[in-house]
Amino acid sequence: MDAVAVDLANSLFEEAQQTNERRLLVLAGERERGYETLASVLESLPIPITATTLVGPDDRLRCEQLPQSNASELLGTTRDAIALDAHAGLRPNALGKLVGAVDGGGLLIFLTPSLDEWPTHRGEFAQSLAVPPYSLSDVTSNFKRRLIDTLRAHRGIGIVDLEAERIVDSGLTEPSPKLIDSRRPDRAQPPDGIFPTAVYEACLTADQSDAVATLESIDPRSASSVEEMQPPESTPESHRPSAVVLEADRGRGKSSAAGLAAGAMAAAGHSVLVTAPRSRNVSELFERATALYEALPEVTVTDETPRHLETSTGGRVQYLEPTEATARLEPWDAVIVDEAAALPVSRLESFLEADRVAFATTIHGYEGAGRGFSVRFRDRLADAEHEVVERTLLEPIRYAGGDPIEVWAFNALLLDARPPVESLVDDARPETVEYRRIEPSELVSNTVDDTDGNERLLREAFGLLVLAHYRTTPDDLARLLDAPNLEARALLTEPDAAGSRHVASVALLAREGNLSAETRRTMYEGGRVRGNMLPDVLTSQLRDEAAASPSGLRVVRIATHHAVRSNGLGSHVLECIHDEFADSLDWLGTGFGATPDLLSFWRENGYRTVHLSTTRNEASGEHSALMLAPTSDSGRTLHDRHAEWFASRVQALCTDSLATLEPDTVREALRSVDNCALTSLGLSAHEWRLLAAAAYGPGLFDVDPGPFRDLIVHYFVENPPNIELTEREERLLVEKGLQARDWETVASRLEYHSTGQCKRALGDAIRPLVDHYGTDVAREVRERFRDP
Ligand SMILES: CC(=O)SCCNC(=O)CCNC(=O)[C@H](O)C(C)(C)COP(=O)(O)OP(=O)(O)OC[C@H]1O[C@@H](n2cnc3c(N)ncnc32)[C@H](O)[C@@H]1OP(=O)(O)O
Ligand SMILES: Nc1ncnc2c1ncn2[C@@H]1O[C@H](COP(=O)(O)OP(=O)(O)OP(=O)(O)O)[C@@H](O)[C@H]1O
């Protein structure tokens, strides 16, 4: 048998070489047999063992080995062959990461159980989907079944059945001979460019030279030349810091473009800081920078260690890992962040301290994360002072365009899933759409010809989620298809001319709670229980052992097509969800990175704040808000006690872990607390005297902020209609009153001329509150100081 598999591997490899594409060989059958065949295959192929990686649990071959959990190591690297051992389980994210790292002319080899049996094999990933109260037997295999269908259906994928000792599919595409390196581009060197011509000559595609040209804007010479040209009183525009965003699918040469630019800047004597999640991610970047000096005889490399080089012109390129890089941003002339989407938004944001910074990021690919990059970090970039220039690299370099393995991976992992085009949904309104459960087993029932359109619905729904949410990954696709606690609902348009409906809104739902006393105890005592995000936080952090008893439904994600937002569809889907589940569950809930707009969206839909997380979420960079909408008595009891606890602890949080939370988010979060949390204000006569004196007389906030805080929290939670404060006044109440920022900071942020004016403004803002809530004592003080 080995001989047959070896022959096939060699034919696939030859085809890969001829076309500069990749090929995939599946060795399906018993694991030991698979490894034996794999060893023979690798032995026979003219691929150096140093360019081969085995991704699997054991270090069994002589080549580099990584467990699936460390597949991120492969991001940004290029390998001639990668073998994946999927016998003990398959992590969809790992698959996404490793596929993109195989070079054109290279081979991927999968070791799998026999394809007919594979769906019944339950690995680590399947186990992670069995969240209480569900068990492993509730986890379905839709993702794997779909994956197998795609392996069978796509071009360029050879399948060997090791047990039946036969080739199921050769995967050979028999391509017509074509020019492999047709990529010598019409390179675009800008006429007034700063980088030497050699830099542009080193580019392999027009997209890449465009990207390099764009990177000139973070070269210090670019800034100084602009400054020199401007008269001294020139507009601040000319001094604006600059940021470049390079986006591409895997293997389009963005890291290499960054490397060429870094090399060019170092050749001119500048210092360039390079960072990426892992040092290995920047190997191509350094290779390109070093190679450049061969074409620049006037510059030599005087010192070179891994991830560091110095030039005879006094320039240097240095890698630092992200934490160290943000701590040492000062001395560098330019900063380059590679694999940016794999870093948390908060970390990316810190790089905006640098005046000249480039972010290179993958759009699709390993995690669908580049989309998320657009979702959150783009907003931050837009708010930053930097002049932002963006470039997208389309043309592949690592392998030829149309590579069948890229086509397969995009399909199998839905890396290219997109929402429907605008024109297909722009008539969708709450009155015209149909609320529909999206049934995973139906979605994968007809993946190849998709005559029933189910695959299209899956793509549209997933595409909407990817576009709308930070970090929607291939793992999420597998969860959507197989996790027993997850369900999806969508609003579909009326049928179009071809009779197809399209997804206008989608919601991903997780069943939570309803946990046994034993599981609840485990949670309460600090044990790890999967899933159940809301009950878990309420139990383990907020110390409520009964919290996981009622059963609920968390809206994990919701998204409306951008073409039809603000038409009531998001609210409509929530209403339909309520109608469908209210009678059978105790609560509906949600948790998300809190922003004022989102808090108000959920509040409008009947959800109420019960918690704000004390730390910022790694991915979104926001504090998470947890909200509940009770649907039964026990849900109401759960909600009410947590609302009350939140209202009573929020003051302490605001001077502590929420001290830097955006004031508008604090306002909206408090406004979204249910009035049931209001207890009597209970201020003493002395405290009312103090408050009224600060509002109407010579009293001072600084003397005793406590009663001010009580009053302010009460005001926001109750939100009485007859008090009309301006936004600026409310921000002042939050920033000074609750978050205890110093007067100078508050005055400057809210643009008061002086701290004195800011202090008087706080007194003024307190007045209507004293008038509304104050007791007789407060009124007496007011009368005493009121202007005649
Ligand atoms: C658990 C979670 O998933 S939280 C994350 C929610 N999802 C996202 O942020 C993805 C991107 N955003 C979206 O897809 C949509 O804006 C949604 C889902 C938030 C709202 O869907 P829509 O169909 O627009 O909702 P709907 O029309 O019923 O209500 C819109 C109201 O929500 C509020 N709103 C909240 N967030 C937004 C936003 N990002 N853009 C616009 N309106 C927003 C506004 O008050 C808006 O009212 P307005 O149009 O009068 O200003
Ligand atoms: N100008 C170039 N000269 C020589 N080789 C290049 C050049 N540009 C890209 N390559 C090669 O093409 C492959 C892909 O390039 P690179 O790693 O820069 O792409 P990428 O878009 O950053 O990929 P990934 O998304 O996987 O990080 C690498 O093997 C790289 O060495």
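Everything that follows concerns the structure shown earlier in this document.
These numbers come from a predicted model, not from an experiment.

Draft legend 1. Broad picture of empty space enclosed by the protein. Counted according to the given criterion, the structure contains 6 cavities of 30 Å³ or more. A volume near 180 Å³ is recorded for the largest cavity. Taken together, the elements giving at least two residues each to the lining of the largest cavity come down to helix 4 (124-129), helix 5 (142-153) and helix 18 (474-482). Among the elements that take part in the lining of the largest cavity, helix 4 stands out by supplying 4 residues, more than any other. Partitioned by chemical class, the residues of the lining of the largest cavity number 9 nonpolar, 5 polar and 4 charged. If you go around the second largest cavity, you meet 11 residues; those closest to its centre are Val99, Gly100, Arg250, Ala409 and Phe410.

Draft legend 2. Region of interest: the nonpolar core. Ile577, Leu711, Leu733 and Val770 are the most contacted members of the largest nonpolar core, which totals 79 residues. Beyond its immediate sequence surroundings of up to four residues, Leu733 is in contact with Ile712, Tyr715, Phe716, Leu725, Leu738, Leu762, Ala765, Ile766 and Leu769. Leu108, Ile405, Leu477 and Ala488 belong to the second-largest nonpolar core, a separate cluster that totals 62 residues.

Draft legend 3. Seen up close, the state of the cysteines. Using the criterion set out here, one finds 0 disulfides in the structure. The closest cysteine sulfur to the non-disulfide-bonded Cys676 is located on Cys654, 19 Å from its own sulfur. In this structure Cys758 is a free cysteine whose sulfur lies 17 Å from that of Cys654, the closest cysteine sulfur available. For Cys758, a relative accessible area of 0% gives the class buried.

Draft legend 4. Fine view of the layout of surface pockets. Roughly 510 Å³ of internal volume is contained in the second largest pocket. Surrounding the second largest pocket, 25 residues form its lining, Gly253, Ser256, Glu284, Arg288 and Ile397 being those nearest its centre. Contributions of two or more residues to the lining of the second largest pocket are made by helix 9 (254-267) and helix 10 (283-292). Considering every element that reaches the lining of the second largest pocket, the biggest residue donor is helix 10, with 5 residues. Looking at the lining of the second largest pocket, its residues break down into 7 nonpolar, 8 polar and 10 charged. When we break the lining of the second largest pocket down by domain, the ones giving at least three residues each are domain 1 (2-169) and domain 2 (197-393).

Draft legend 5. Region of the structure containing the site of ligand 2. Around ligand 2 sit 18 residues in total, of which Ala202, Ser255, Ser256, Glu284 and Arg398 are the nearest. Between Lys254 and ligand 2, the recorded distance is 2.8 Å, taken from a side-chain N or O atom to an oxygen atom. The side chain of Ser256 places a nitrogen or oxygen atom 2.6 Å from an oxygen atom of ligand 2. Among the detected pockets, ligand 2 sits in the second largest pocket.

Conventions we followed
- Residues numbered from 1 in each chain as written.
- Chains lettered and ligands numbered in written order.
- Predicted model: local features only at pLDDT ≥ 70, side-chain atom pairs only at ≥ 80, totals over all residues.
- Heavy atoms only, no water.
- 1 Å grid on protein atoms, 1.4 Å probe; cavity = no way out; pocket = protein on both sides within 12 Å on 5 of 7 lines; lining within 4 Å.
- Points joined across faces, edges and corners; volume = space filled by probe spheres on them.
- Helix = DSSP H or I, 4+ residues; strand = E, 2+ residues; numbered from the N terminus.
- Nonpolar A, V, L, I, M, F, W, Y, C, P; charged D, E, K, R; others polar.
- Core = buried A, V, L, I, M, F, W, Y, C linked by side-chain atoms within 4.5 Å.
- Buried < 20%, exposed > 50% of the residue type's maximum accessible area, 1.4 Å probe, protein only.
- Contact = heavy atoms within 4.5 Å.
- Disulfide = S-S within 2.5 Å.
- Domains from an automatic or database assignment.
- Near = heavy atom within 4 Å.
- Polar contact = N/O pair within 3.5 Å; in protein donor to acceptor, adjacent residues only side chain to side chain.
- Sits in = over half its atoms within 2 Å of the grid points.

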